[in-house]
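# An overview of the molecular structure
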There are 4 protein chains.
Amino acid sequence: MLGYEFMGKAHSNAFHKIRYITWPPPLEPVLVGIAGRNEEAVSDAAQRYGWEYATTDWRDLVADDRIGLFDNGGPNALHAEPTIAAAEAGKHVVCEKPLGRDADESLEIWRQVAATGVKHMCAFNYRFVPAVRLARELLEAGELGEIRHFRARYLQDWGDDPSLDTWRFSAADAGSGAIGDLMTHVVDLAHFLMGDIASVSGFAHTFIPGREVDDAAEAAVTFANGAVGTLEATRFAHGRRNALQWEINGTKGALAFDMERLNELRVFRADGDRARGFKTVLVSEADHPFWEYWWPPGHIIGWGDTFVHELHHFLAAIAGEHAVRPYGADFEDGYRASEVCDAIVRSGRSGRRETVAYRSL
Amino acid sequence: MLGYEFMGKAHSNAFHKIRYITWPPPLEPVLVGIAGRNEEAVSDAAQRYGWEYATTDWRDLVADDRIGLFDNGGPNALHAEPTIAAAEAGKHVVCEKPLGRDADESLEIWRQVAATGVKHMCAFNYRFVPAVRLARELLEAGELGEIRHFRARYLQDWGDDPSLDTWRFSAADAGSGAIGDLMTHVVDLAHFLMGDIASVSGFAHTFIPGREVDDAAEAAVTFANGAVGTLEATRFAHGRRNALQWEINGTKGALAFDMERLNELRVFRADGDRARGFKTVLVSEADHPFWEYWWPPGHIIGWGDTFVHELHHFLAAIAGEHAVRPYGADFEDGYRASEVCDAIVRSGRSGRRETVAYRSL
Amino acid sequence: MLGYEFMGKAHSNAFHKIRYITWPPPLEPVLVGIAGRNEEAVSDAAQRYGWEYATTDWRDLVADDRIGLFDNGGPNALHAEPTIAAAEAGKHVVCEKPLGRDADESLEIWRQVAATGVKHMCAFNYRFVPAVRLARELLEAGELGEIRHFRARYLQDWGDDPSLDTWRFSAADAGSGAIGDLMTHVVDLAHFLMGDIASVSGFAHTFIPGREVDDAAEAAVTFANGAVGTLEATRFAHGRRNALQWEINGTKGALAFDMERLNELRVFRADGDRARGFKTVLVSEADHPFWEYWWPPGHIIGWGDTFVHELHHFLAAIAGEHAVRPYGADFEDGYRASEVCDAIVRSGRSGRRETVAYRSL
Amino acid sequence: MLGYEFMGKAHSNAFHKIRYITWPPPLEPVLVGIAGRNEEAVSDAAQRYGWEYATTDWRDLVADDRIGLFDNGGPNALHAEPTIAAAEAGKHVVCEKPLGRDADESLEIWRQVAATGVKHMCAFNYRFVPAVRLARELLEAGELGEIRHFRARYLQDWGDDPSLDTWRFSAADAGSGAIGDLMTHVVDLAHFLMGDIASVSGFAHTFIPGREVDDAAEAAVTFANGAVGTLEATRFAHGRRNALQWEINGTKGALAFDMERLNELRVFRADGDRARGFKTVLVSEADHPFWEYWWPPGHIIGWGDTFVHELHHFLAAIAGEHAVRPYGADFEDGYRASEVCDAIVRSGRSGRRETVAYRSL
């Protein structure tokens, strides 16, 4: 693994839990090596999370023949080179989002990794929220009919402080701000639930003078399936800590979700029932996605547990049980999210509606 | 009054209740004449709602010297001529929204009515929801700090049926669809709470082939105060019956509202309290807007009661107690809402971000 | 009408609105006389609410041959004598709850009024909340199966102040505190939705030293239909302004309600749907109770509007369209609520579970 | 550990996570042996959860000198003997609730274990929900003033099926039904947040003919601190999966909680703020209980994570960092919960209010 902070903790926790929560696991993860720039911190992380060794050079991991899976949870600027190198060394690769800092870089990562033949996954973990997967299954089953609307927003509130300093505000390290950090999640879920975004009209916006990256982004969008809606991502929404909210309206029903209540899916059915209204579904029944692994109904899971599902999915893909797609996001999905994000930025600069053109290899 | 259906019922009810709910009323309304095209229907309405006489020619009302206030709740195509004629006959005028079918018509109504010197109000009744007025007062007091975001949507679900037929789907009668019917409310509240919208990137959209007017509209917007956000209006949001929802995020707090729970305002204060979070404020305290007229705390009011506040406000304006502005919308406000709506339509056609230019008389 | 304050305002408003909201009304109410102890206040009320005359002696109303309906909204100590006198004068009578200050007084009112042959209704207005009536209809249709539980509470917060002084704290005027004011509503709804309460184990409680009446009451109860549950009423629940909350669980579903969101009914169906959960039903559809009179779906009504339904129901009963029962509460229902309330008080004093014995005439 | 099913999984997961989530852990748990009656199942559990060995005889664990902590997650009938034996062998003991099958058995366990001098904890894990601990801290700080009310209920819905068969329905194995399973949690939280329960009026109830244990229990209660309220526990509340709900009203504020949204605490402050109402606090801030171990704000935890906090607390107690009390429940607390539960059963049988008498060693 590359990276030992937020994502390092989340992924390490998942690898431990996969061993006994998803029983029997498709593959038994062994935590070999972890890399990071700060020698003391990465060493502490190795001890804390049970990695066999720590290194300040990710190339050590690439060179280690015992390692079959390379998990890249480093900052955005460190996505391309290590991920490609690991793939070229024959390791399967999972890379945190955004895949690259823009669509060109994402395309290049996808292209070079795909050429190696290894399995690849872009870590859009919110596909692995039980409520999100249930939504996907209801949509696949046609229970919403023809889709009219998708409106989504990822609202956080920690960015509204000029004195803050983190790699996330550096154009070189992060590539973008709320766009790459939050809008990618919105766009990937849009893609996962709705299919391709066709066009965007909007812009990225920076509130704090001198900040190198965007603080927020807003867009009106059209989908290839004929639906229309709005997308938003911001680090300036006081009152909202981790509110990835979306709603879908179709001719036969509607779905709504809020990550701050990630165990719940709100479901409306236009079935003519006299008692009509949104159901608050606690997604924790034996026949709900991923729930075979967990607790009795009503005993909810946490945000960290989405990574258990995600990395379990990738291990099962490596084990040949299924493909990464369509329930996981592979690097093509990672690239496609970048295209939409770039289009929003482009629209803001050009003042024009931008059609999203997805490239193939 | 012109019009006897939905708005005719709502306004008649308000005139009756003003007499004893807002006690003492600024002026005692006497219900003189009501006009409508269908002779039997308007006659029934007169009897039901207690109007002294009914007529199928609104000119009879304009010619009636006993009438001092002309209330236009007719279809959009009947806003301009009767309203202007009534004003020119020296009657104060209240006109349902949208003021005109487009900005040019709205400007013309405003211009001609303003020239007469009568009082005029555009019936944006949602300004008179206690929770909305409370929001305005909190904003005026600076309790939200600098404003970062406004996101709003007016979601209804009755339009998704190709067999429906109403004047609301006629381009000639209505001018537009969700834009004039719903987006005007969104835009007026944006204006009421945030100030001027500076630019819009978006579009109107029609789902049903052959329908003359738009079914939905989507926009990413910027405000003169530096905030950014999204606006939406639709008649195709299954599951949402009358959901005018908005949220404002500022540097010191946030506010959120949903018309389906119109007695509640959600209030967040970034005050460092360890127990932080949105409050669900039941806007029914003695020191809340309009509540002096009503019941003990917690005994909520209904949608229809917003018209009591609205028309009471206009009667008080006629009585000289205050101006129509800033808490009521006058015809300039009605016109300005039309400019933003037109800009969204224009943006959809041009594929460009449209700066909103507000004309003066 | 006797009484011009809270209930006087609520009932006067209803009589006005019945004339045009419930169209055509079963009978056309004419507001003749209003009585109250304070001459100036009752005179103001007559002027405000449009009563033809005011009097400080309710006997004037009883003696007035023009009056066919006597509406008693006075304090509890003034329920028995005027109501009985009016009935004996041949007037139909509606009396605010609690019918009497205890079961014996309630029984006596019922007995004497029943002997006259007039129509009588005890003003349990919460039966006329659309969501409550819808609940009753779902229960009648067997949609909840066998009933297991009923838990209800009426929570208000205004009583927790030793300096407060009102007739509501006087044993002579009110008879009881939260019991007669709030628990009666709880008990009547229990009766309306569940049928008879069989036994109670609990107590009334007074927090403020020296206060003559109870501040709160708590009970564990059994129902004749086999269900069990809890009841509570209090004026000491800070944070709750008018929260009459109840929930029913049956073998086939569940219902939940909160008066602070009186337009909503929460409905659960144990139907095996994979997307299971409580629906939030906005009770405002054309096929919902009372909604034929009102607005398009989603345009909610207020607390005051429940009196429109209630008094309309009584006028229709007087007009012979239906009986007061089962949807309205007659004086027998008023008496039965008193029996349960008394049993709670008795249980508190005896320290024993009290079986509720309902007397007949 | 004794027991490998529901609690076996929950506790094993917690011991694994303590190693890296609560960093550095107070003691490093080593998973030595696990006991259970079914040889194959316990062997599978040992493999799955990483226990070194499995046995069908819990005495093997008691005899194992490597084991310093005995965790009893077996059925209720297996609480007393193994727990006492382990303590007498010098092992610290944690035992699932209810401590014993009735107060006498609980007292005996407490007495005999206390005599050994080992540390003991009764596994009331809901004390370790961050929102519950935050509530306790707010109460300790006096932020609610004098307490007026506590109303609580633990609602589940799985029991309403006559064909179900489990040790939980056996009087010999479980001792009681909803009482020992659910009401103990309610009672312990009442004790944790409010202090001692003084008296109960209520009953246990069995719906299913022939079932040996209670299906539900209802009580009206008084507290030593002067508050009054209701308690309920049921396995027959269709629509509620794991709804441990409670609300506290005090003179200065109120708190409300629902386990199905365990990351949220609702907080009301009677502070005279014009914008008054319950706050929905997402208990996930850096200064919230237990949150130092977890994720950024808004990234919620799951039900299973409460055991991480609970067992971490006990390890720290063993390490001498603090006592088990007051934040953890020791065996005296386990015993006291049994006394209240017994009193409810007694009250149902006697038809009398039962004063709760707590015995000392």
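Just above, that's the structure.
Residues numbered from 1 in each chain as written. Chains lettered and ligands numbered in written order. Predicted model: local features only at pLDDT ≥ 70, side-chain atom pairs only at ≥ 80, totals over all residues. Heavy atoms only, no water.

### A few points about the overall build of chain A
Which entries qualify depends on this criterion: Put simply, DSSP marks the helices as runs of H or I at least four residues long and the strands as runs of E at least two long, and each gets a number from the N terminus on. C-alpha atoms define the radius of gyration, and 2.2 Å times the number of residues to the power 0.38 defines the globule rule. A simple rule labels every residue: compare its accessible area, found with a 1.4 Å probe on the protein chains alone, to the largest value its type can have, and call it buried under 20%, exposed over 50%, or partly exposed in between. Contacts are residue-level and defined by heavy atoms, with any inter-residue pair within 4.5 Å sufficient. Note on areas: Shrake-Rupley with a 1.4 Å probe; residue coverage comes only from the protein chains shown. Neither His nor the chain ends contribute to the count of charged residues, in which Lys and Arg are positive and Asp and Glu negative. Where a charge sits is defined by one atom per residue type, namely NZ (Lys), CZ (Arg), CG (Asp) or CD (Glu).
Assigned secondary structure in chain A consists of 10 helices and 14 strands. Computed over the C-alpha atoms, the radius of gyration of chain A is 20 Å, within 12% of the 21 Å expected from 2.2 N^0.38 for a compact globule of 361 residues. With respect to the three principal axes, the spread of C-alpha positions in chain A is 60 × 50 × 40 Å. Counting across all 361 residues of chain A, residues that qualify as buried make up 67%. For chain A, the proportion of contacts with a sequence separation of at least 24, taken over those separated by at least 6, is 65%. Roughly 11,000 Å² of accessible area belongs to chain A as shown, and the carbon and sulfur atoms make up 46% of that amount. Computed over 37 positive and 53 negative side-chain charges, the separation of the two mean positions in chain A equals 6 Å.

### Description of unusual backbone geometry
In the segment running from B:Arg325 into B:Pro326, the intervening peptide bond is cis, with an omega of 5°. Position of B:Pro326 relative to the elements: it lies in the loop between α9 (305-318) and α10 (331-350). Of note, the amide linkage connecting C:Lys97 to C:Pro98 takes the cis form, showing an omega dihedral of -5°. Inspection of the secondary structure assignment puts C:Pro98 in the loop between β4 (92-95) and α5 (103-116). Even without a glycine there, the phi angle at A:Phe290 is positive, about 70°. Look at A:Phe290 and you get buried, because its relative accessible area is 11%.

### Some points on the relation of the copies chain A and chain B
Condition: The superposition of copies rests on a least-squares fit of C-alpha positions from residues with pLDDT of 70 or more in both.
Taken as rigid bodies, chain A and chain B are interconverted by a rotation of 180° and an axial shift of 0.0 Å, the fit giving an RMSD of 0.0 Å. Put plainly, the chains are arranged around a two-fold axis. Using C-alpha coordinates, one finds that chain A approaches the rotation axis most closely at A:Arg352, a distance of 2.2 Å. When the interface residues of chain A are mapped onto chain B, 100% of them again lie at the interface, so the same face is used by both copies.

### Observations regarding the sheet that holds strand β5 (residues 120-122) of chain C
All names here are of chain C. So the rule is basically this: Strands are treated as partners if at least two bridges between them are detected by DSSP. Angular values range over 0 to 180 degrees, each being the angle between N-to-C directions of two axes fitted as lines to C-alpha atoms, with helices fitted over their stretch in contact.
Reading across from one edge, β3-β4-β5 is the order of the 3 strands in this open sheet, with parallel pairing throughout. The two strands at the open ends of the sheet, each matched to only one other strand, are β3 (69-72) and β5. The average angle at which neighbouring strand axes cross in this sheet is 10°, direction not considered. Across 3 bridges, the pairing between β4 and β5 is parallel. Bridge pairing links Val93 to His120 in β5. Its contacts with the sheet put helix α10 (residues 331-350) on β4 and β5, and the angle it makes with β5 is roughly 35°.

### Quick notes on the interface of chain A and chain B
As a reminder of what qualifies: By definition, the buried area sums, over both parts, the 1.4 Å-probe accessible area that each loses when the two are put together. Salt bridges are defined as contacts in which a side-chain nitrogen from Lys or Arg sits within 4 Å of a carboxyl oxygen from Asp or Glu. Whenever two N or O atoms come within 3.5 Å, that pair is a polar contact, provided that in protein one can donate a hydrogen and the other can accept it, and provided that, for residues adjacent in sequence, both atoms are side-chain atoms. Residue type decides the class: Asp, Glu, Lys and Arg count as charged, Ala, Val, Leu, Ile, Met, Phe, Trp, Tyr, Cys and Pro as nonpolar, and the leftover types, Gly among them, as polar.
Tallying the contact residues gives 50 residues for chain A and 50 residues for chain B. For the pairing of chain A and chain B, the buried interface totals around 3,700 Å² over both sides, and the portion due to carbon and sulfur atoms is 49%. Together, A:Arg148, A:His238 and A:Arg353 form the three largest contributors to the area buried by chain A at its contact with chain B, with a combined 16%. B:Glu232 serves as the salt-bridge partner of A:Arg151, at 2.5 Å between the closest nitrogen and oxygen. Viewed at the interface, chain B and chain A are joined by 22 residue pairs in polar contact (both at pLDDT 80 or more). For the side of chain A that touches chain B, the elements supplying multiple residues, two or more each, are β6 (147-155), β7 (197-205), β8 (216-223), β9 (228-234), β10 (243-250), β11 (253-258), β12 (264-269) and α10 (331-350) of chain A. Residues that form the side of chain A that touches chain B fall into these classes: 17 nonpolar, 19 polar and 14 charged.

### Digging into the relation of the copies chain C and chain B
Placing chain C over chain B gives an RMSD of 0.0 Å and needs a rotation angle of 180°, together with 0.0 Å of translation along the axis. An overlap of 100% is found between the interface residues of chain C and their copies at the interface of chain B, pointing to a shared contact surface.

### Regarding the packing of helix α8 (residues 178-194) of chain C against α10(C)
When two helices pack together, their arrangement is captured by the angle between the axes and the distance separating the axes. Residues and elements named next belong to chain C. Quick note on the threshold: Should the near helix be turned counterclockwise from the far one by less than a right angle, the crossing is left-handed, whereas a clockwise turn marks it as right-handed.
The N-to-C vectors of α8 and α10 enclose an angle of 115°; their axes lie 9 Å apart at closest approach. Between α8 and α10 lies a crossing whose hand is right-handed. Within the contact between the two elements, α8 uses Ile179, Met183, Thr184, Val187, Asp188 and His191 and α10 uses Asp333, Arg336, Ala337, Val340, Cys341, Ile344 and Val345. For the contact of α8 with α10, the per-class residue count stands at 8 nonpolar, 2 polar and 3 charged.

### Side note on the interface of chain C and chain B
At the interface, 37 residues of chain C touch 38 residues of chain B. Between chain C and chain B, a total of about 3,400 Å² is buried, with carbon and sulfur atoms accounting for 59% of that surface. For chain C, the biggest contributors to the area lost against chain B are C:Tyr20, C:Arg48 and C:Trp295; these three give 21% of the whole. Where chain C touches chain B, the interface holds 4 salt bridges. A salt bridge links B:Glu264 to C:Arg261, with the nearest nitrogen and oxygen atoms 2.7 Å apart.

### A word on the sheet that holds strand β5 (residues 120-122) of chain D
Residue and element names in this part refer to chain D. With parallel pairing, 3 strands are arranged side by side in an open sheet as β3-β4-β5. Each edge of the open sheet is held by one strand with a lone partner, namely β3 (69-72) and β5. Averaged over neighbouring strand pairs, the angle between their axes works out to 10° when direction is ignored. Two strands pair when backbone bridges link them, and β3 and strand β4 (residues 92-95) are joined in this way by 4 bridges, in the parallel orientation. Considered in β4, the bridge of Phe70 is made with Val93. Against the sheet, helix α4 (residues 80-88) touches β3 and β4, its axis set at about 175° to β3.

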